[in-house]
Amino acid sequence: MRAGASGFKVLFPAALACAALSGPMRVQVDAAPKPAVHEVAIEGLSFHPETLVVAAGDTILWVNKDLFPHTVTADAGAFDSHEIAAGRSWRYTAARKGTYPYRCTLHPTMHGELRVK
Amino acid sequence: MKTAGVFAASALLLIATTAAARSPNDAQIAAIVVTANQVDIDAGKLAESRGTKVDVKSFGRRMVADHSGVNKAAVDLVTKLKVTPESNATSDSLKAGGEENLAHLKGLTGAAFDKAYIDHEVAYHEQVLAALDKTLIPSAKNPELKALLVKVRPAFVDHLEHARKIQASLGG
């Protein structure tokens with residue numbers, strides 16, 4: 001394991017150097033992707049999809065398609081939409097990596113999970 | 001307390017038994033849905049003001065919000081479909097059961113009120129769910145009416161589970 005890890009450290013700067021040397025076109029391809037926007041539908045007292053995997057910096061838009069309010073509330077307190085009225089939505093930009101189980105505080109059967117890679 | 005629970009259960013049981021003999025038409029289903037929601041809105045309003053425990057009061061508030069949302073959608077739909085809700089033995093029985101429950105609850109205070117309200121909510125949601133599954137959803141002819149019933153079904157499942165949790169916290 002040690003040898004592999006140190007090997008990686010040596011190789012990684014070399015790979016970066018190759019990318020830099022290969023010209024401006026190549027550098028653009030390797031640039032960090034633009035943050036994406038993901039939609040989670042809240043309908044029939046479920047989050048669709050129930051588990052969503054995003055990259056740090058991405059935005060998630062929860063759209064309440066039910067006939068009454070819901071919340072999107074992280075179990076450990078990282079985020080809380082408070083009440084999202086019927087037909088309204090709430091957006092959150094996921095800055096920190098981690099796994100965030102969340103729920104609707106108004107309806108105990110509703111659970112979802114946000115994974116930020 | 002027991003009397004109210006038993007009364008509510010027997011009144012609601014009519015939905016399943018009446019329809020087992022003869023399926024309600026869409027106009028009758030509309031009346032049953034609107035009445036069933038209204039009965040629970042009225043009980044929820046009373047629990048908001050008269051309930052003692054925070055859980056009971058907030059459950060009452062939730063019933064008012066959720067069932068009002070369902071009723072608004074139901075009324076909008078029947079208006080659009082030009083269906084006039086047609087009262088029937090089941091909707092009449094629901095209405096009478098709701099009034100009886102309110103009268104019973106108004107005579108109670110404190111922990112006795114909380115328990116009677118939540119016991120009734122458990123029985124009510126069990127029976128409405130049974131009616132949705134056995135009668136209302138299978139009988140609905142109009143696809144939009146059927147879709148609305150299917151869409152709101154999970155709310156009744158959630159309310160039932162929620163009410164059972166509160167019931168357990170109140171000591172059964």
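Residues numbered from 1 in each chain as written. Chains lettered and ligands numbered in written order. Predicted model: local features only at pLDDT ≥ 70, side-chain atom pairs only at ≥ 80, totals over all residues.

**A closer look at the sheet that holds strand β6 (residues 89–93) of chain A**
Residue and element names in this part refer to chain A. Across the sheet, which stays open at both edges, the four strands sit in the order β2-β1-β4-β6 with mixed pairing between neighbours. The sheet terminates laterally at β2 (46–48) and β6, the two strands that pair on one side only. Taking each pair of neighbouring strands and ignoring which way they run, the sheet shows an average axis angle of 20°. Where strand β1 (residues 37–43) lies against strand β4 (residues 59–64), six bridges are found, and the strand directions are parallel. Directly across from H38, in β4, lies its bridge partner I60. (Pairing = 2+ DSSP bridges. Helix = DSSP H or I, 4+ residues; strand = E, 2+ residues; numbered from the N terminus. Axes fitted to C-alpha atoms, helices over the stretch in contact; angles between N-to-C directions.)

**Let's talk about the nonpolar core**
Ranked by size, the top nonpolar core spans 58 residues in total, and within it I60 and W62 of chain A together with I29, I32, Y117, L136 and L149 of chain B carry the most contacts. Among the elements that line this core, the one with the most residues is helix α5 (residues 110–139) of chain B, at eleven residues. Excluding residues that lie within four positions of it along the chain, I60 of chain A makes contacts with H38, V40, L52, V54, R91, Y92, A94 and L114 of chain A. (Core = buried A, V, L, I, M, F, W, Y, C linked by C-beta atoms within 7 Å. Buried ≥ 20, exposed ≤ 12 C-beta atoms within 10 Å, placed from the backbone. Contact = placed C-beta atoms within 7 Å.)

**A closer look at the sheet that holds strand β7 (residues 98–104) of chain A**
All names here are of chain A. Taking strand neighbours across the sheet as the criterion, the four strands line up as β3-β8-β7-β5 in an open arrangement whose pairing is mixed. Every other strand in the sheet has two partners, leaving β3 (51–54) and β5 (73–74) as the edge strands with one partner each. Bridge count for β3 against strand β8 (residues 107–116) is four bridges, and the pairing is parallel. From the neighbouring strand, T51 faces β8, where its bridge partner is E113.

**Re the interface of chain B and chain A**
Counting residues at the interface gives 15 residues for chain B and ten residues for chain A. Every element with two or more residues in the side of chain B that touches chain A is listed here: α3 (54–81) and α6 (143–169) of chain B. Considering only residue class, the side of chain B that touches chain A consists of seven nonpolar, two polar and six charged. (Nonpolar A, V, L, I, M, F, W, Y, C, P; charged D, E, K, R; others polar.)

**What about α3 of chain B?**
All names here are of chain B. Across its 28 residues, α3 extends 40 Å between first and last C-alpha, which sits within 8% of the 40 Å expected from 1.5 Å per residue. Taken together, the buried positions of α3 are V56, F59, G60, R62, M63, V64, D66, H67, V70, N71, A74 and V78. Its buried side turned inward, α3 meets α2 (26–50), α5 and α6. Within two residues after α3, K82 carries a phi angle of roughly 60°, on the positive side. (Expected span 1.5 Å × (residues − 1).)

**Focus: the pairing of β4 of chain A**
Residues and elements named next belong to chain A. Burial along β4 is one-sided: the face carrying I60, W62 and N64 is buried and the face carrying T59, L61 and V63 is not. The pairing of β4 with β6 spans five bridges and is antiparallel. Following the sheet pairing, L61 is matched in β6 by R91.

**Quick look at the environment of Y100 of chain A**
Residues and elements named next belong to chain A. Here Y100 shows up in strand β7. Sequence separation of Y100 and L114 is 14 residues, and the distance between their C-alpha atoms is 5.0 Å. Excluding its chain neighbours within four sequence positions, the residues that come into contact with Y100 are A74, A78, E113 and L114.

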